[in-house]
Each structure stands twice: as structure tokens, then as C-alpha cells.
Amino acid sequence: MAQVEFWQGNKALAMGAVAAGCRFFGGYPITPSTEIMETMAEELPRLGGKFVQMEDEIGGIAAAIGASIAGLKSMTGSSGPGISLKQELLGYAYIAEIPLVVANVMRGGPSTGLPTKVSQADVMQAKWGTHGDHATIAYAPSSIQECYEITVRAFNMAERFRQPVLVLSDEIIGHMREKIVIPEPGTFEVINRKKPTVCPDDFVPYKADDDDVPPMAAFGDGYRWHVTGLTSNDFGFPTNEANEIDKKATRIIRKVERFREEIVEFKEESMEDAEIVIVSYGSVSRSSLRAIRELRKQNVKVGHFRPISLWPFPEKQIAEISKRVKHIIVPELNAGQMVNEVERAVAGRCEVHRKNLLNGELYKPDEIMAFIKEVA
Amino acid sequence: MPREDVKKLLRTKFMPHIWCPGCGHGIIMHAILRAIADLKIPKEQVCISSGIGCSSRMPGYIDACTLHTAHGRSLAFATGVRLANPDLTIVNVMGDGDGTAIGGNHFIHACRRNIGITAVVMNNNIYGMTGGQASPTTPEGAFASTAPYGAIDPTFDICKLAEGAGATFVARATVAQPVMCEQILKKAILHQKKGFAVVELVSYCHTQFGRKNKRSRPMDNFNYLKDNSVMKAKADTMTAEELKGKIVIGEFVNIEDAREYTKRYDEVIARAQKA
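Fair warning: this is a prediction, and the values are worked out from it, not measured in the lab. (Residues numbered from 1 in each chain as written. Chains lettered and ligands numbered in written order. Predicted model: local features only at pLDDT ≥ 70, side-chain atom pairs only at ≥ 80, totals over all residues.)

Any details on helix H12 (residues 338-346) of chain A? Residues and values, ideally.
Two residues of an α-helix separated by three or four positions point the same way, owing to the 3.6 residues in each turn. Residues and elements named next belong to chain A. Listed in full, the buried residues belonging to H12 are Met338, Val339, Glu341, Val342, Ala345 and Val346. Seen end-on, H12 carries its buried residues on one side only, within an arc spanning 155 degrees. Summarising the contacts, the buried residues of H12 are in contact with helix H5 (123-128), strand E12 (276-279), strand E14 (309-311), helix H11 (315-322), strand E15 (327-332) and strand E16 (351-356). (Buried ≥ 20, exposed ≤ 12 C-beta atoms within 10 Å, placed from the backbone. Helix = DSSP H or I, 4+ residues; strand = E, 2+ residues; numbered from the N terminus. Arc of directions from axis to C-beta. Contact = placed C-beta atoms within 7 Å.)

So what's going on with the sheet that holds E12 of chain A? Residues and values would help.
All names here are of chain A. Strand order in the open sheet made by the 5 strands is E11-E13-E12-E15-E16, with mixed pairing throughout. The sheet is open, and its two borders are formed by strand E11 (266-269) and E16, each paired with just one other strand. Pairwise comparison of adjacent strand axes, ignoring direction, gives a mean angle of 20 degrees for this sheet. Where helix H13 (residues 365-375) meets the sheet, it contacts E12, strand E13 (302-307), E15 and E16, and its direction lies at approximately 155 degrees from that of E15. (Pairing = 2+ DSSP bridges. Axes fitted to C-alpha atoms, helices over the stretch in contact; angles between N-to-C directions.)

Got a sec to walk through the interface of chain B and chain A? Specific residues and values, please.
On the side of chain A, 37 residues touch chain B, which itself brings 35 residues to the contact. The set of elements that each furnish at least two residues to the side of chain B that touches chain A consists of strand E2 (65-68), helix H3 (74-84), helix H5 (104-113) and helix H11 (261-274) of chain B. If one sorts the elements of the side of chain B that touches chain A by residue count, H3 of chain B sits on top with 8 residues. Taken together, the residues of the side of chain B that touches chain A break down into 18 nonpolar, 12 polar and 5 charged. Taken together, the 3 bridges between strand E10 (residues 226-228) of chain A and E2 of chain B define a ladder with parallel strand orientation. (Nonpolar A, V, L, I, M, F, W, Y, C, P; charged D, E, K, R; others polar.)

Explain the sheet that holds strand E1 (residues 46-50) of chain B residue by residue, including any values.
As summarised here, the arrangement of the 9 strands in space is E10(A)-E2(B)-E1(B)-E3(B)-E4(B)-E6(B)-E5(B)-E8(B)-E7(B), forming an open sheet in which the pairing is mixed. Looking at strand neighbours, the two that pair on one side only are E10 of chain A together with strand E7 (229-231) of chain B, the edges of this open sheet. In this sheet, neighbouring strand axes are inclined to one another by 20 degrees on average, regardless of whether the strands run parallel or antiparallel. Sitting on the sheet, helix H6 (residues 158-165) of chain B is in contact with strand E4 (118-123), strand E5 (169-174), strand E6 (197-202) and strand E8 (247-254) of chain B, with an inclination near 175 degrees to E5 of chain B. Set on the sheet, helix H7 (residues 178-190) of chain B makes contact with strand E3 (89-95), E4, E5, E6 and E8 of chain B; between it and E5 of chain B the angle comes to about 165 degrees.

Which residues make up the nonpolar core, and what are the values?
Core analysis: the largest hydrophobic core is formed by 185 residues, its most contacted members being Ile65 and Val101 of chain A together with Val81 and Val198 of chain B. Ranked by residues supplied to this core, first place goes to helix H6 (residues 144-161) of chain A with 10 residues. Mapping this core onto the domain boundaries places at least three of its residues in each of domain 1 (3-182) and domain 2 (267-375) of chain A. Those residues in contact with Ile65 of chain A that lie beyond four places of it in its chain are Leu89, Tyr92, Ala93, Ile98 and Leu100 of chain A together with Phe77 and Gly80 of chain B. Listed in part, the 7 residues of the second largest apolar core include Tyr127, Ala134, Cys205 and Phe209 of chain B. (Core = buried A, V, L, I, M, F, W, Y, C linked by C-beta atoms within 7 Å. Domains from an automatic or database assignment.)

Describe the environment of Phe305 of chain A, and please don't skip the residues or the numbers.
Residue and element names in this part refer to chain A. With respect to the secondary-structure elements, Phe305 resides in strand E13. Residue class for Phe305 comes out buried when judged on the 25 C-beta atoms lying within 10 Å of it. When the C-alpha positions of Phe305 and Pro200 are compared, they lie 49 Å apart, and in sequence the two are 105 residues distant. Leaving out residues up to four positions away in the same chain, Phe305 has contacts with Phe266, Glu268, Met271, Val277, Val279 and Ile321.

So, the domain arrangement of chain A: which residues are in play, and what are the values?
Residues and elements named next belong to chain A. Looking at the assigned domains, one finds that chain A contains domain 1 (3-182) and domain 2 (267-375). Each partner contributes residues to the interface: domain 1 has 22 residues there, and domain 2 has 18 residues. Counting residues per element, the side of domain 1 that touches domain 2 draws most heavily on H5, which supplies 4 residues. Broken down by class, the residue content of the side of domain 1 that touches domain 2 amounts to 14 nonpolar, 5 polar and 3 charged.

Tell me about the environment of Val81 of chain B, and name the residues and values.
Mapping Val81 of chain B onto the fold places it in helix H3. For Val81 of chain B, a count of 29 C-beta atoms within 10 Å corresponds to the buried category. Distance from Val81 of chain B to Lys40 of chain B, taken between C-alpha atoms, is 21 Å for residues 41 residues apart in sequence. Setting aside residues no more than four positions away along its own chain, Val81 of chain B makes contact with Gly66, Ala67, Ile69, Ala70 and Phe219 of chain A together with Cys47, Ser49, Leu67, Leu88 and Ile90 of chain B.

Structure, rendered in C-alpha cells:
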């Protein structure tokens, strides 16, 4: 018998992390993501893992990076201003190539903003929040089931590509409760980071394999190596040589970009004959689907495209859709962020309608139905 | 010349190092390496972590598991390393600005947690790498590029700060006492089994601090430290007036029966697994 639970999104996200093999969490309390760390505080010691409540948000991500370097699958999580603080060391994990999962349960901003209310205003921050160029992987769940499953996926991508992966949840998804069927262990893929196979004296810590990802040793398992946030050469040592700088800077982007289609995830509904398409993600996609199902009963040819990976953005798929539909409507709980990516992919081939809500509420199905009727 | 067993702890291929000729930091690095060599800790079980600044470039030159983190954050990184692998020996080096200004919060909480890390604060009273700005330990009245008319900020006493925050081993020496540095470091490294050890090693920066404060040659600084160091036992007999401008050296805290954080976390695991 499959285990069926009635869980909150934040709990499902944390339990998904545990199922993926996460054994370390460093965090700091903040609404609306605190339940993730509370769940971790309860679950990790049972499995011999470690949870630490740090003195601040930066400490939380620092400890998680440290634990990952020492060999544990690690995670931190936060919201709003806490995510702003974590940007500093997200950059560290990108350049030092440390696997890490960071959950962001989005709330309204800027600054303290709306601690208890929903928002989707961190989409661009997820991509560009920390300084410097890097490749971003970010997944947005829209159900409790998906909170669990996409967090497993996030860990798999973090371990495979040796970099941070973001789970962009939101206040509604994080605090909503609904049914979840817990996948049996062994029925889903779990990826672990590549370990070096050479002897310690021959180990060149940032020498990449053919897939552009270097194998990673853990501190304490016999290899001696240097980790730094400075731009470094294959030996992990700081460099000012233009060719070495270029090699590192381009590889950490290329290692993700070349596998883009394996990272991208999306879901379509009623798209076969659609003339109007709603593109939405996270909590908004739930209102959108309700609206689409109602209007389908009235024979309106409307479909739904839901990016699950916001980064990399499914631009190829959106470009294809734009060739066969008349209108794309993009409702978001922000001033217009993902819509820019949609417009870029559409490149003028159909009309793109921006719909933006900034009042801390979720779009209601009626409101989305009205958007569709405007163009139908 | 370093001893053979000390030389084996060096990554000579990453040299020359970035420190100015005559810098006090080399004395500290040498003392750390002698302590590790004497304690016969296998180098693959040693983690040297650091923040950002001149002091924090040290890990790169040591052939161990070395972690050059972000400015001020080294103790928070090291906390994660320690929790993930309690068997490692962790020596965390940082500067005065790195450790007590931007990293001040991580510093006091690592003390409070009593986590098994040896924290070495290499105090040269200045931000050297960025060109000589005032730090939390720049003496009142001293000149710095950001205190061109003399510093007015009162200074931190790093040892008192550590003691007040709960560190279970606290000691100070200056680079003018290299043997004492080594002896304190050995005790502080062994103390990791019992908890958090803070070692303030007073160094100097003749390039950035000395040049603005009439101590521009390395030996001016070395002699200054030698002449103004006072052993704790003697300092205990001196008045506050007599101690003005003096550097009190010695061991201030050594709690033998302290309970280290990861050992306490093992108790959490036992309780969770029983529940």
C-alpha cells in the first residue's frame, strides 16, 4: 500500500529533500518558509543527519556549503529578505562548484514587504540575484506532490552539475495542505555527485570530465584540495591568467547550458487545439487550470503551459507554441518577470498579454477567465 | 629553514605567497604548521579554513583540506564542516576585520555553541589587503586611511569578547613570542575535543599600519610587540593605568570539562532515534 498523507507544501518539500538523501540543513527562521527547517530539525537526527539553526541567514547557507564540502547532501531555505542575504554565498557555491539546494518560499517584497502573503517576485532574483555570471537552475512546484518530487529532482541536478539549485515555491504552495502519495524508495532516481577515482596525489580538483563537471572529493576522505571563492584554475588555486579565467568562467555556464533540455521541465494541458494559451507557474497555475477547465466547457479553445523549470526557461517549447496560437496570456504575482522570457521566445509571432497582480493575493479563477474572454 | 616535517605541510607549487616581505603572518603560519606536525595529525584529516584578507590567504599554502571562504563567514562554513565530519581537525584562521567586524556575529555564536574548532585571530590592527583602513582593533588615536585624523572608535578586546560569548579556551600571544604561539596552538588544537578555542595572535602590518604610525620597518613592529607584551600572571598584579597600551599574553580560559557541540548533537540523534 502506498503511503498517503495530507501534508503542507513546506513539509512535503522537506520530506522530498530527505528522500533525495539530504542529511544536512542549516537555516534561520523566517516566514513563510520556517516549516521546512522545523521539519528538518525533526527528521534529520532520526536518520543520523544534522540540523543546525544558525545565527543568521548567511550562516545558514555557509554551514550548508561547509557540510556539502565535507560530503553531505545539504540544503538551506528561506524567504524574502532571507533570500536576499543568501545571495552572497549562493555566488560562492556557484564559483566553488558546491552542490546545494536552496528553497525559496516566495513572499511579497521589497524588503520586509509581506511576510505572510504570496508573491512570485523572485523569479529574476533567482536568475540574477548574486553578482557575476553563472547558470541558474530553478524549479517552481505547483502542488504538494510536486513539492516533494521536484525537490528530489533539485538535489539530483545539484549533485549532477555541482552547483546550487533553487526550489521556487511560494507562500500559497508552502502553506497549503493537500493529498500526497509518497513515492516508494527505489521508484525514483537519486543522483549522487561523482567522486574522484585517481589517487590523492594525482587529484586535480577542478579538472572537468567530458561533461564539464569535475569529480568532487569530500574533506576527510583522503584527498587534500583547496576550495576558494576566487576565480581559480584546475588546481583550485586563484588565478589572474586570462586563459585560465576564461576557462573557468565559461565552463561553469556551459556545464549546465549544454544539458539544458535534460534540465527543462514543463507540463501542458488542453494544448492540442488551443488558440489561446495561459502560461503560468506555481500557485497561479492552479487558478489558471480551473479557469481553463470552465471555459473548455463553453468550447473556448484555451490551453495551459506550465514551466516547472523557470531556469533554464523552456524557451524552445514556447517558441513552438507561438507558431500555432493567437494569444499567450501570462498572469503573474509580480510586476512582470517571467513574461519577459515568454516575449523573448515568442519574438512577435503571436500576441503576449501581461497580467500582473501586486496586492498580496492569489489570482482567482474568475479573474483569469476574464483575461481569456478579453481575447477570445 | 622549516623542519622537514613542516615542509611536507607546504604547497610550495602555490608560492610565492602574497604576504609582504617581513610580514608577521608567516610566523603564525609556521607556528600552526609546527603544532600540526608535532601533534602528528595526518594532513588529509586537517581542515584549514579562512575568510578574506591577508591572513586568510594562508590555507592556500598548506597541503591539507583547505577552505578559503567569504569575508567574515569562515566560522559558519567551518561549523558545517565540523558537523558533517566531527573527526577532522579544523583550524580556522581569520583577521581582525574579517573575524570581529563582518564576521563578528558568526564569531560570538561559534563561541556560544562551543563547537570543536580552533579559531586563530591574526590581529594586525588594520585592513591590510584593501590598503590600510581602520578595523575594530585599530587603537584609538592611530592613523589609518579611513581614520586620517586618528581613530576614535574604541577597540574590541578579542579575548574578553570570546570569553564573554562562551568560548571554552581563550589565549593570546604575539608573533614576538613564536614558541609561545606554537605551545598555545597545540593546546588549542587539542581543545577541539572539548569545544571552541580562540587564539588571538597579535601580528603586525608594517606596510599599511606601520607606515602611517611611525613603525614602517618590520623590526619596529616586532620590537614594539616584544616590549609591550606582559604575561598574564604579571598583568594580574598591575593597575589599569600601568596596563595601558600593554598586550596581555597567556591563557585566559581553559575549561577542561566543557562539552563540545557535535558530541551534544550525538545526544540529539540518540534521543531522536529513541523517540
